[in-house]
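# Commentary on secondary and tertiary structure
If you want the building blocks of each chain, they are given just below.
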Protein chains: 2
Amino acid sequence: MSSNSKQSGEFAFIAALANKAATTPEALGLGEDGAVLWIGDGRKLVLVADMLQAGVHTMKDASAGQIASKALRANLSDLAAMGAEPAFYLSTICWSGAPAELEMQILSEALVKDQEKFGISLIGGDTICGQGPMAISITALGWVSGPLLRRIGAQIGDDVWVSGTIGDGWLGLGVAKGEISSLNSGDTEYLKERYEYPEPRLALGARLASVAHCALDISDGLIADATHLAGGGDCCLCLDVERIPMSAAAHHWLREQKNQAQAREALMAGGDDYELLFTAAADQRVQIAMLSKETGLELTRIGCVQKGQGVMLGKADGTLHLAGNSGFTHF
Amino acid sequence: MSSNSKQSGEFAFIAALANKAATTPEALGLGEDGAVLWIGDGRKLVLVADMLQAGVHTMKDASAGQIASKALRANLSDLAAMGAEPAFYLSTICWSGAPAELEMQILSEALVKDQEKFGISLIGGDTICGQGPMAISITALGWVSGPLLRRIGAQIGDDVWVSGTIGDGWLGLGVAKGEISSLNSGDTEYLKERYEYPEPRLALGARLASVAHCALDISDGLIADATHLAGGGDCCLCLDVERIPMSAAAHHWLREQKNQAQAREALMAGGDDYELLFTAAADQRVQIAMLSKETGLELTRIGCVQKGQGVMLGKADGTLHLAGNSGFTHF
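An account of the accompanying structure is given in this report.

What counts and what doesn't
- Residues numbered from 1 in each chain as written.
- Chains lettered and ligands numbered in written order.
- Predicted model: local features only at pLDDT ≥ 70, side-chain atom pairs only at ≥ 80, totals over all residues.
- Heavy atoms only, no water.
- Salt bridge = Lys/Arg side-chain N within 4 Å of Asp/Glu carboxyl O.
- Helix = DSSP H or I, 4+ residues; strand = E, 2+ residues; numbered from the N terminus.
- Buried < 20%, exposed > 50% of the residue type's maximum accessible area, 1.4 Å probe, protein only.
- Pairing = 2+ DSSP bridges.
- Polar contact = N/O pair within 3.5 Å; in protein donor to acceptor, adjacent residues only side chain to side chain.
- Axes fitted to C-alpha atoms, helices over the stretch in contact; angles between N-to-C directions.
- Contact = heavy atoms within 4.5 Å.
- Buried area = accessible area lost by both parts, 1.4 Å probe.
- Nonpolar A, V, L, I, M, F, W, Y, C, P; charged D, E, K, R; others polar.
- Phe/Tyr/Trp six-rings, centres within 6.5 Å; stacked < 30°, edge-to-face > 60°.
- Lys NZ or Arg CZ within 6 Å of the ring centre and 35° of its normal.
- Least-squares fit on C-alpha atoms with pLDDT ≥ 70 in both.
- Disulfide = S-S within 2.5 Å.

With that settled, the discussion passes to the pattern of salt bridges. Summed over the entire model, instances satisfying the criterion amount to 26 salt bridges over all chains. One salt bridge connects Glu 265 of chain B with Lys 315 of chain B, and the closest N-O pair in it is separated by 3.4 Å. Here Lys 315 of chain B lies in the loop between strand S11 (310-314) and strand S12 (320-322) and Glu 265 of chain B lies in helix H9 (residues 260-269), a separation of 50 residues in the sequence. When salt bridges that share partners are traced, they join Arg 73, Asp 114, Lys 117 and Glu 199 of chain A into one network.

Below, the structure written as structure tokens:
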């Protein structure tokens, strides 16, 4: 849950809750990817909670295992964004009617597989037989022993960095919906996988606090989430559109599009990337290159932090324009 | 989430998760009302998670405020059952379509009101615009500084105790559904209130660890939950049907029923009581009477713990028979 300056229905609701219901320091004003408990022994316990529903965050016909896996990974991505090491999670499962034995088995196996992959254990929850599409809510807990990575802290003169590639999640959704059919099977499989099984950047997040000034994970779309970092630092994030990292599959899609500028912006506005976006001082470039090597994860410098507000997009023709708030909101 | 010996679909699923996914000590085998983190400084952090959906746990036309309030109170009841003092909660809200401003305001006000009443603060969560009826999942956190109250620990010779009155939640649902219409307006208002706004027994729970051997909160129904305590102690809970405490409204309903024995058992099987059920050594009776006075809450000795398994019901005619597993399960 996070509030920001964009006072649409969803954000206005969260802002109202932050003012009235979440005034304790542990809530961090509902402005971060999670909450923090300062435990007596110097460690910090980070808590994040995200809910997913079939047909909203996954395809309507996604299996119980896919929904559970994506729910767990979305939460792990929030832990990564705060530099936390995953420890435990609780899951509440709202089945769509009474589940079949096989569905329960598929869900259980998906959770067990991802638990082992990411080093997190189930400790509790609830399971109900609901009406409507299946929904899963997860609360994940992680430990931070060093400094906490937050959304606030971007400084004028910082570089802006992003992990991995941008737009794959959004393209994967298009592929899954049958709206994108011109790509080869290798590309379509890759993109669907990126949409269905996001990879939380835990190793990067855990090492990022020592080099970055601020970070978050990109779930609403690069532009919307860059706007959050700009708001958190009272500054402007200038992004170089030509430098946004893209996968080979995204490049293949892009070269087919008539309006290149519009297509690039669509990739930057689409959600479900689950990459980390962060800013760091310019003297950290060597450290960040080493971090990229250590984690085996591409890290791309995509812009800089300047005076101002919001997000500016620099185009190939040298023009600079203010990005609209084109990210995903629920209402 | 809790597993028990009743291997219906829901419990079998939880048992499978407990064996494969929740093997860490903090999970307590998914057999309790919550999980426990042993924090370095000797305190314990208890975590509980329950999800509610409109039309399943509330009336279909319940307001967003009623659903949120009941979700929070159900979680607080789980904290009470483990003897934890409420501290923080995270909520994930799945709206039924895009919410109106007024709905958001009503939900926010309901949470703020209950937060203040029960001493708990919102620290995070998520809000989505879903399909299907509204659902709210809450993860609540509480502190325990003394011993932990658990479901295991019933001992042969213990007394069995229950707080408050039994059956009101179930009758309240009947009233709300229009299935019970013969009661006066005072009774119907009282019963509906009991169904819609359960009162978590926090003050009792916090003091219970020093006198009780085990405890849980009654959400599935007295008989089903007594079966959990019997399973946790490998013993039999013998309950005296005539001693089950009932409200004046429940008595009014009962005297109209043709089959008294069946009606009494219906009250004992109905869910949504959110009272605490516990066992304690016979030498604790004076302490428990004092506890009742301190908390202003009726505590009734309703039976004893004997060798055997499951729950036996002692009737007015002196007969004793094994209770069926008539509590609420989701699937």
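So, next bit.
Moving on, we get to the pairing of strand S6 (residues 159-163) of chain B. Residue and element names in this part refer to chain B. For S6, the buried fraction is high: five of the five residues fall into the buried class. Direction of pairing for S6 relative to strand S9 (residues 276-280): antiparallel, over a ladder of four bridges. Counted as the bridge partner of Trp 161 is Phe 278 from S9. As paired strands, S6 and strand S10 (residues 299-306) are joined by five bridges and run antiparallel to one another. Paired with Ser 163 across the bridge in S10 is Leu 299.

Residues and elements named next belong to chain A. Relative to the helices and strands, Thr 127 resides in strand S4 (residues 121-130). Taking the C-alpha atoms as reference points, Thr 127 and Cys 94, 33 residues apart in sequence, are found 6.0 Å from one another. Side chain to side chain, Thr 127 and Trp 95 meet in a polar contact 3.0 Å long.

All names here are of chain B. In spatial order, the strands read S1-S2-S5-S3-S4; together these five strands make up an open sheet with mixed pairing. In this open sheet, the two strands that pair with only one neighbour each are strand S1 (35-38) and strand S4 (121-130). Here the strands of the sheet are splayed against their neighbours by 15° on average, with no regard to which way each runs. In this sheet, strand S5 (residues 135-144) lies alongside strand S3 (residues 85-96) in antiparallel orientation, the contact comprising nine bridges. Each residue of the ladder has a partner; that of Glu 85, found in S5, is Trp 143. Helix H3 (residues 101-118) contacts S3, S4 and S5 of the sheet and is inclined by roughly 165° relative to S3.

All right, on to the interface of chain B and chain A then. At the interface, 65 residues of chain B touch 65 residues of chain A. In total, about 5400 Å² of surface goes out of reach between chain B and chain A, with carbon and sulfur atoms giving 70% of it. Broken down residue by residue, the surface that chain B buries against chain A is led by Phe 13, Met 51 and Gln 131 of chain B, which jointly contribute 12%. Seen at the junction of chain B and chain A, the total is zero salt bridges. Across the contact surface, chain B and chain A share eleven residue pairs in polar contact (both at pLDDT 80 or more). At the level of secondary structure, the elements contributing two or more residues to the side of chain B that touches chain A comprise helix H1 (9-20), S1, strand S2 (44-53), S3, H3, S4 and S5 of chain B. Sort the elements by how many residues they give to the side of chain B that touches chain A and S4 of chain B lands first, with ten residues. For the side of chain B that touches chain A, a count of residues per class yields 38 nonpolar, 20 polar and seven charged.

On to the packing of aromatic side chains. Residues and elements named next belong to chain A. Applying the stated criterion across every chain yields a total of six aromatic pairs over all chains. Where Trp 161 meets Phe 278, the ring centres are 6.4 Å apart and the plane angle is 5°; that geometry is what we call stacked. On the criterion of sequence distance, the pair formed by Trp 161 in strand S6 (residues 159-163) and Phe 278 in strand S9 (residues 276-280) is long-range, its members being 117 residues apart. Here the two residues Trp 161 and Phe 278 agree in accessibility, since each one is buried. The ring of Trp 143 carries Arg 43 above its face, with NZ or CZ at 3.8 Å from the centroid. Residue placement shows Lys 70 over the ring face of Tyr 195; its charged tip is 3.7 Å from the ring centre.

Least-squares fitting of chain B to chain A yields an RMSD of 0.0 Å, with the transformation described by 0.0 Å of translation along the axis and a rotation of 180°. Within this description, the copies of the chain are treated as partners about a two-fold rotation axis. For chain B, the smallest separation between a C-alpha atom and the rotation axis is recorded for Gly 132 of chain B, amounting to 2.0 Å. Counting the interface residues of chain B, we find that 100% of their copies in chain A are interface residues as well, pointing to one common contact surface.

The next subject is the side chain of Asp 33 of chain B. Residues and elements named next belong to chain B. Checked against the element boundaries, Asp 33 lands in the loop between H1 and S1. At 2.9 Å, the side chain of Asp 33 forms a polar contact with the side chain of Arg 151. If we skip the residues at most four places from it in the chain, Asp 33 touches Val 48, Asp 78, Ala 81, Met 82, Arg 151, Leu 216 and Asp 217.

Summed over all chains, the structure comprises zero disulfides over all chains. The cysteine Cys 94 of chain A is free of any disulfide, with Cys 94 of chain B supplying the nearest cysteine sulfur at 7.8 Å. Among the cysteines around Cys 235 of chain B, which has no disulfide bond, Cys 214 of chain B carries the closest sulfur, lying 7.4 Å off.

This paragraph deals with the sheet that holds S12 of chain B. Residue and element names in this part refer to chain B. If you trace the seven strands from one edge of the open sheet to the other, you get S7-S9-S6-S10-S8-S11-S12, paired in mixed fashion. Since the sheet does not close on itself, it has two edges, and those belong to strand S7 (214-217) and S12, each with one partner. Neighbour to neighbour, the strand axes of the sheet diverge by 25° on average, direction disregarded. Note that strand S8 (residues 236-240) and S11 share five bridges and pair parallel. Counterpart to Leu 237 in the pairing with S11 is Val 311. Lying over the sheet, helix H2 (residues 64-81) contacts S7 and S9, oriented at roughly 175° with respect to S7.

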